[in-house]
Amino acid sequence: MLISEGAGLRVHSVDAGTMRLDGGSMFGVVPKPLWEKRIPADDRNRIPIAMRCLLIESESALVLVDTGVGNKESGKARDIYGIDNAGEPTRLESSLRAMGFEPTDIDLVVSTHLHFDHAGGHLTDDDGEIRPSFPNATYQIHRGEWAAAQTDNLRILGSYAPDHFLPLESFGVLELIDWEHEVIPGVRVVGMPGHTEHHQGVIVELGSDTICYPCDLVPTAAHVKLNWIMAFDIEPMVTLEEKERWLTEAGENHWLLVFAHDPTIASARARPASRGPGCELEELATDSDRIQVQNESELE
Ligand SMILES: [Zn+2]
């Protein structure tokens, strides 16, 4: 879906499928009676989440931010995480084709971080042969995240599948980057740590408007509440500081936020919080073309 355009850039959200993740993990210390009002759980206590990637079109390049789960997960993992992303070969590629793009058209793949639900689609299993899913793309990954993802730390091991990204190096398509890297003019990655130490978001300047893709710093619209922080985050106090900083800036400047995991709300306009740091939301939009203008308070 086209989210916005300007300054020679067009920004789309791209459907890479859905998953089901444990509701308690998604909301950390927030009690279930509060979070289940926002996103109800199934009989295994899982909530539906989207895998919503970002596609940025400019005259010179086609940029894809994150790639969903891909097609390399085992049947067991697909059941535990309720992964629903089948397509040609995955929903991501099918969604791109429906928008008029082939995987070969992608020039740059930018990773927010290397967790399996964001980087699993970097590579494709083609009848047992692993190949880059976007054969003409350079893959831009933060150098700290690249190192951290090869961890043997038991706390974070389960979120990474090195087989799913390490081969990028041997294919010669890997570019290690740092925060504040300019991807293309008007598009930059910024440090938004906490979820992982080197987690990064993407800011797109459209002239009169700014789009912010905070990815897992603010995975759903419900997580705009500053203290609603995922249990997955390795540095939750850093997440809190980063949310205060970025959501206050988003509210003051009325940025358009795009949510990677919200099951219904694809994007929303930030406005200053009525008191304190952070922001509130308006102009909530679903993935369909229909824009629903409603207040965040209607979701409570
Ligand atoms: Zn995620």
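It should be noted that the structure appears before, not after, this text.
Everything in this summary refers to the structure shown in the same document. All values reported here derive from a predicted model rather than from experimental measurement.

A separate point is the nonpolar core. Counting 41 residues, the largest nonpolar core has Phe-27, Ile-106 and Phe-134 as the members making the most contacts within it. Elements supplying a minimum of two residues to this core: strand 2 (9-22), helix 1 (23-27), strand 3 (46-57), strand 4 (62-65), helix 4 (91-98), helix 5 (116-119) and strand 8 (138-142). Top contributing element to this core by residue count: strand 3, with five residues. Excluding its chain neighbours within four sequence positions, the residues that come into contact with Phe-134 are Leu-64, Thr-67, Leu-92, Glu-93, Leu-96, Pro-103, Ile-106, Val-109, Gly-121 and Tyr-139. Judged by nonpolar contacts, the second largest core, of 25 residues, contains Leu-108, Val-189, Val-204 and Leu-256.

Its location among the elements puts Thr-220 in the loop between strand 13 (210-213) and helix 9 (236-252). Within polar-contact distance, the side chain of Thr-220 engages the backbone nitrogen of Ala-222 at 3.1 Å. Dropping the residues within four chain positions of it, Thr-220 is found in contact with Met-26, Ile-39, Phe-259, His-261 and Asp-262.

The final tally for this structure, using the stated rule, is zero disulfides. Cys-215 takes part in no disulfide bond, and the closest cysteine sulfur to it belongs to Cys-53, at a distance of 8.7 Å. A relative accessible area of 0% places Cys-215 in the buried class. No disulfide involves Cys-279; its nearest neighbouring cysteine sulfur is the one of Cys-212, lying 9.5 Å away.

This next bit is on the sheet that holds strand 1 (residues 2-6). Across the sheet, seven strands lie side by side as 1-2-3-4-5-8-9; this open sheet has mixed pairing. Strands at the two margins of the open sheet, each flanked by one partner only, are strand 1 and strand 9 (174-177). Sheet twist, expressed as the mean angle between neighbouring strand axes with direction ignored, is 25 degrees. Strand direction decides the pairing type here: strand 5 (residues 108-110) and strand 8, joined by three bridges, are parallel. When the bridges of strand 8 are listed, Val-110 appears paired with Gln-140. Running over the sheet, helix 4 touches strand 2, strand 3 and strand 4 and is turned about 150 degrees from strand 2.

Conventions and cut-offs
- Residues numbered from 1 in each chain as written.
- Predicted model: local features only at pLDDT ≥ 70, side-chain atom pairs only at ≥ 80, totals over all residues.
- Heavy atoms only, no water.
- Core = buried A, V, L, I, M, F, W, Y, C linked by side-chain atoms within 4.5 Å.
- Buried < 20%, exposed > 50% of the residue type's maximum accessible area, 1.4 Å probe, protein only.
- Helix = DSSP H or I, 4+ residues; strand = E, 2+ residues; numbered from the N terminus.
- Contact = heavy atoms within 4.5 Å.
- Polar contact = N/O pair within 3.5 Å; in protein donor to acceptor, adjacent residues only side chain to side chain.
- Disulfide = S-S within 2.5 Å.
- Pairing = 2+ DSSP bridges.
- Axes fitted to C-alpha atoms, helices over the stretch in contact; angles between N-to-C directions.

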